[in-house]
Amino acid sequence: KFRYLLAIVALLWSGWALAQQPKNNIVETAASDGSFHTMVTFIRASGMVATLRGKGPYTIFAPTDAAFAKLPVDTQKQFLENRLLLPLFLNRYIVSGRLTSERVFHRPQVRTLDGRKLSIETKAGMVLVNHGRLTKPDIVAGNGVIHGIDSVDMGLVHEFLEEVQKYKTSAARY
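What counts, and at which threshold
- Residues numbered from 1 in each chain as written.
- Predicted model: local features only at pLDDT ≥ 70, side-chain atom pairs only at ≥ 80, totals over all residues.
- Heavy atoms only, no water.
- Axes fitted to C-alpha atoms, helices over the stretch in contact; angles between N-to-C directions.
- Helix = DSSP H or I, 4+ residues; strand = E, 2+ residues; numbered from the N terminus.
- Left-handed = near helix turned anticlockwise from the far one by under 90°.
- Contact = heavy atoms within 4.5 Å.
- Nonpolar A, V, L, I, M, F, W, Y, C, P; charged D, E, K, R; others polar.
- Buried < 20%, exposed > 50% of the residue type's maximum accessible area, 1.4 Å probe, protein only.
- Pairing = 2+ DSSP bridges.
- Parallel < 35°, antiparallel > 145°, perpendicular 65-115°, else oblique.

A. A look at the packing of helix α2 (residues 26-33) against helix α3 (residues 37-46). At a minimum axis distance of 8 Å, the contact between α2 and α3 shows a crossing angle of 145°. Handedness of the α2/α3 crossing: left-handed. Contacts between α2 and α3 involve V27, A30 and A31 from the first element and H37, V40, I43 and R44 from the second. By residue class, the composition of the contact of α2 with α3 is 5 nonpolar, 1 polar and 1 charged.

Next up, the structure:
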(Lines give C-alpha, C1' and ligand atoms only; values in the text may rest on other atoms or scores of the structure.)
Protein backbone atom coordinates (compact mmCIF):
# COMPACT_ATOMS: atom_id res chain seq x y z
CA LYS A 1 0.00 0.00 0.00
CA PHE A 2 2.85 2.38 0.80
CA ARG A 3 4.33 1.87 -2.70
CA TYR A 4 1.01 2.73 -4.29
CA LEU A 5 0.71 5.81 -2.14
CA LEU A 6 4.22 6.89 -3.15
CA ALA A 7 3.41 6.27 -6.82
CA ILE A 8 0.26 8.37 -6.58
CA VAL A 9 2.11 11.19 -4.82
CA ALA A 10 4.85 11.06 -7.48
CA LEU A 11 2.27 11.23 -10.28
CA LEU A 12 0.48 14.13 -8.66
CA TRP A 13 3.77 15.96 -8.11
CA SER A 14 4.91 15.46 -11.71
CA GLY A 15 1.51 16.61 -12.97
CA TRP A 16 1.73 19.73 -10.83
CA ALA A 17 5.29 20.39 -12.03
CA LEU A 18 4.20 20.06 -15.66
CA ALA A 19 1.29 22.40 -15.05
CA GLN A 20 3.74 25.01 -13.76
CA GLN A 21 5.77 24.91 -16.99
CA PRO A 22 4.99 27.85 -19.30
CA LYS A 23 3.01 26.81 -22.35
CA ASN A 24 3.96 29.71 -24.63
CA ASN A 25 6.98 29.34 -26.86
CA ILE A 26 9.83 31.80 -26.79
CA VAL A 27 8.37 34.01 -29.57
CA GLU A 28 4.94 34.21 -27.92
CA THR A 29 6.55 34.92 -24.56
CA ALA A 30 8.70 37.72 -25.99
CA ALA A 31 5.67 39.20 -27.77
CA SER A 32 3.52 39.17 -24.64
CA ASP A 33 6.24 40.63 -22.41
CA GLY A 34 5.92 44.09 -23.95
CA SER A 35 9.64 44.94 -23.98
CA PHE A 36 10.66 43.08 -27.11
CA HIS A 37 8.38 44.29 -29.93
CA THR A 38 11.32 45.19 -32.18
CA MET A 39 13.07 41.86 -31.61
CA VAL A 40 9.84 39.97 -32.31
CA THR A 41 9.26 42.05 -35.45
CA PHE A 42 12.77 41.12 -36.64
CA ILE A 43 12.21 37.43 -35.81
CA ARG A 44 8.95 37.42 -37.77
CA ALA A 45 10.49 39.30 -40.70
CA SER A 46 13.44 36.90 -40.80
CA GLY A 47 11.33 33.77 -41.11
CA MET A 48 12.78 32.36 -37.88
CA VAL A 49 9.44 32.01 -36.08
CA ALA A 50 9.04 28.32 -36.99
CA THR A 51 12.48 27.53 -35.60
CA LEU A 52 11.96 29.45 -32.37
CA ARG A 53 8.52 27.90 -31.88
CA GLY A 54 10.15 24.49 -32.10
CA LYS A 55 11.22 22.19 -29.33
CA GLY A 56 14.47 24.01 -28.54
CA PRO A 57 15.37 24.81 -25.93
CA TYR A 58 16.80 28.23 -26.77
CA THR A 59 18.16 31.13 -24.79
CA ILE A 60 17.82 34.58 -26.34
CA PHE A 61 19.84 37.54 -25.12
CA ALA A 62 17.33 39.99 -26.54
CA PRO A 63 17.94 43.71 -26.83
CA THR A 64 14.89 45.49 -25.47
CA ASP A 65 12.85 48.00 -27.45
CA ALA A 66 14.70 50.76 -25.58
CA ALA A 67 18.00 49.28 -26.79
CA PHE A 68 16.85 49.22 -30.42
CA ALA A 69 15.49 52.76 -30.05
CA LYS A 70 19.09 53.95 -29.60
CA LEU A 71 19.81 52.92 -33.21
CA PRO A 72 19.18 55.39 -36.03
CA VAL A 73 15.79 54.88 -37.69
CA ASP A 74 17.55 54.25 -41.03
CA THR A 75 19.49 51.37 -39.49
CA GLN A 76 16.30 49.79 -38.15
CA LYS A 77 14.75 50.12 -41.62
CA GLN A 78 17.77 48.37 -43.15
CA PHE A 79 17.14 45.38 -40.91
CA LEU A 80 13.57 45.05 -42.18
CA GLU A 81 14.49 45.75 -45.80
CA ASN A 82 17.04 42.91 -45.78
CA ARG A 83 14.96 40.05 -44.42
CA LEU A 84 17.14 37.37 -46.03
CA LEU A 85 20.18 38.59 -44.11
CA LEU A 86 18.33 39.25 -40.85
CA PRO A 87 18.95 35.71 -39.45
CA LEU A 88 22.69 36.46 -39.60
CA PHE A 89 22.13 39.22 -37.06
CA LEU A 90 19.57 37.42 -34.89
CA ASN A 91 21.56 34.17 -34.60
CA ARG A 92 24.25 36.16 -32.80
CA TYR A 93 21.87 36.66 -29.86
CA ILE A 94 20.49 33.11 -29.65
CA VAL A 95 22.09 30.21 -27.78
CA SER A 96 21.08 26.58 -27.93
CA GLY A 97 19.95 25.33 -24.52
CA ARG A 98 18.03 26.68 -21.55
CA LEU A 99 20.39 29.00 -19.68
CA THR A 100 18.85 30.66 -16.65
CA SER A 101 20.71 33.58 -15.10
CA GLU A 102 22.10 31.26 -12.44
CA ARG A 103 23.82 29.24 -15.15
CA VAL A 104 24.83 32.32 -17.15
CA PHE A 105 26.52 34.00 -14.18
CA HIS A 106 29.04 31.18 -13.93
CA ARG A 107 30.23 31.25 -17.54
CA PRO A 108 32.76 33.58 -19.11
CA GLN A 109 31.08 33.12 -22.48
CA VAL A 110 28.40 31.23 -24.38
CA ARG A 111 28.35 30.11 -27.99
CA THR A 112 25.58 31.43 -30.23
CA LEU A 113 23.71 29.56 -32.98
CA ASP A 114 26.13 30.91 -35.57
CA GLY A 115 29.13 29.67 -33.57
CA ARG A 116 30.25 33.03 -32.20
CA LYS A 117 31.01 33.69 -28.57
CA LEU A 118 29.04 36.08 -26.41
CA SER A 119 31.15 37.28 -23.50
CA ILE A 120 29.59 37.25 -20.05
CA GLU A 121 31.11 39.23 -17.23
CA THR A 122 30.04 40.56 -13.87
CA LYS A 123 31.10 44.07 -12.90
CA ALA A 124 29.94 46.02 -9.86
CA GLY A 125 26.96 43.72 -9.37
CA MET A 126 25.86 43.94 -13.01
CA VAL A 127 25.91 41.15 -15.55
CA LEU A 128 27.17 42.24 -18.96
CA VAL A 129 26.53 40.30 -22.16
CA ASN A 130 28.86 41.59 -24.88
CA HIS A 131 29.03 44.81 -22.86
CA GLY A 132 25.22 45.14 -22.76
CA ARG A 133 23.72 45.13 -19.28
CA LEU A 134 21.36 42.28 -18.42
CA THR A 135 18.23 44.14 -17.32
CA LYS A 136 15.42 41.56 -17.60
CA PRO A 137 16.72 38.11 -16.63
CA ASP A 138 14.91 34.79 -16.67
CA ILE A 139 11.77 35.35 -18.71
CA VAL A 140 10.86 31.69 -18.96
CA ALA A 141 9.06 30.22 -21.98
CA GLY A 142 7.96 26.67 -22.68
CA ASN A 143 10.95 26.11 -24.99
CA GLY A 144 13.55 28.43 -23.55
CA VAL A 145 14.57 31.54 -21.69
CA ILE A 146 14.79 35.21 -22.65
CA HIS A 147 17.21 37.64 -21.03
CA GLY A 148 16.65 41.30 -21.86
CA ILE A 149 19.74 43.42 -22.44
CA ASP A 150 19.93 47.19 -22.60
CA SER A 151 21.96 47.66 -25.77
CA VAL A 152 22.46 46.38 -29.28
CA ASP A 153 26.02 45.29 -30.03
CA MET A 154 27.18 47.93 -32.51
CA GLY A 155 29.90 45.63 -33.82
CA LEU A 156 27.18 43.19 -34.88
CA VAL A 157 25.16 46.02 -36.41
CA HIS A 158 28.17 47.15 -38.47
CA GLU A 159 28.83 43.57 -39.60
CA PHE A 160 25.19 43.25 -40.66
CA LEU A 161 25.34 46.51 -42.61
CA GLU A 162 28.56 45.38 -44.31
CA GLU A 163 26.86 42.14 -45.36
CA VAL A 164 23.93 44.15 -46.72
CA GLN A 165 26.34 46.25 -48.76
CA LYS A 166 28.15 43.15 -50.10
CA TYR A 167 24.81 41.61 -51.04
CA LYS A 168 23.67 44.76 -52.82
CA THR A 169 26.99 45.04 -54.66
CA SER A 170 26.92 41.42 -55.83
CA ALA A 171 23.23 41.67 -56.80
CA ALA A 172 23.95 44.78 -58.85
CA ARG A 173 26.52 42.85 -60.89
CA TYR A 174 23.91 40.39 -62.13
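B. Examining the pairing of strand β1 (residues 58-63) more closely. Among the 6 residues in β1, 6 count as buried, and that is most of the element. Looking at chain direction, β1 and strand β2 (residues 94-96) are connected through 3 bridges and run antiparallel. Residue pairing across strands places I60 opposite I94, the latter belonging to β2. By the bridge criterion, 6 bridges tie β1 to strand β7 (residues 144-149) in an arrangement that is parallel.

C. Broad picture of the packing of α3 against helix α6 (residues 73-81). For the pair α3 and α6, the least separation of the axes is 9 Å and the interaxial angle reads 30°. The angle between α3 and α6 falls in the class roughly parallel. Contact residues: α3 offers T41, F42 and A45, while α6 offers Q76, F79 and L80. Residue classes in the contact of α3 with α6 are distributed as 4 nonpolar, 2 polar and no charged.

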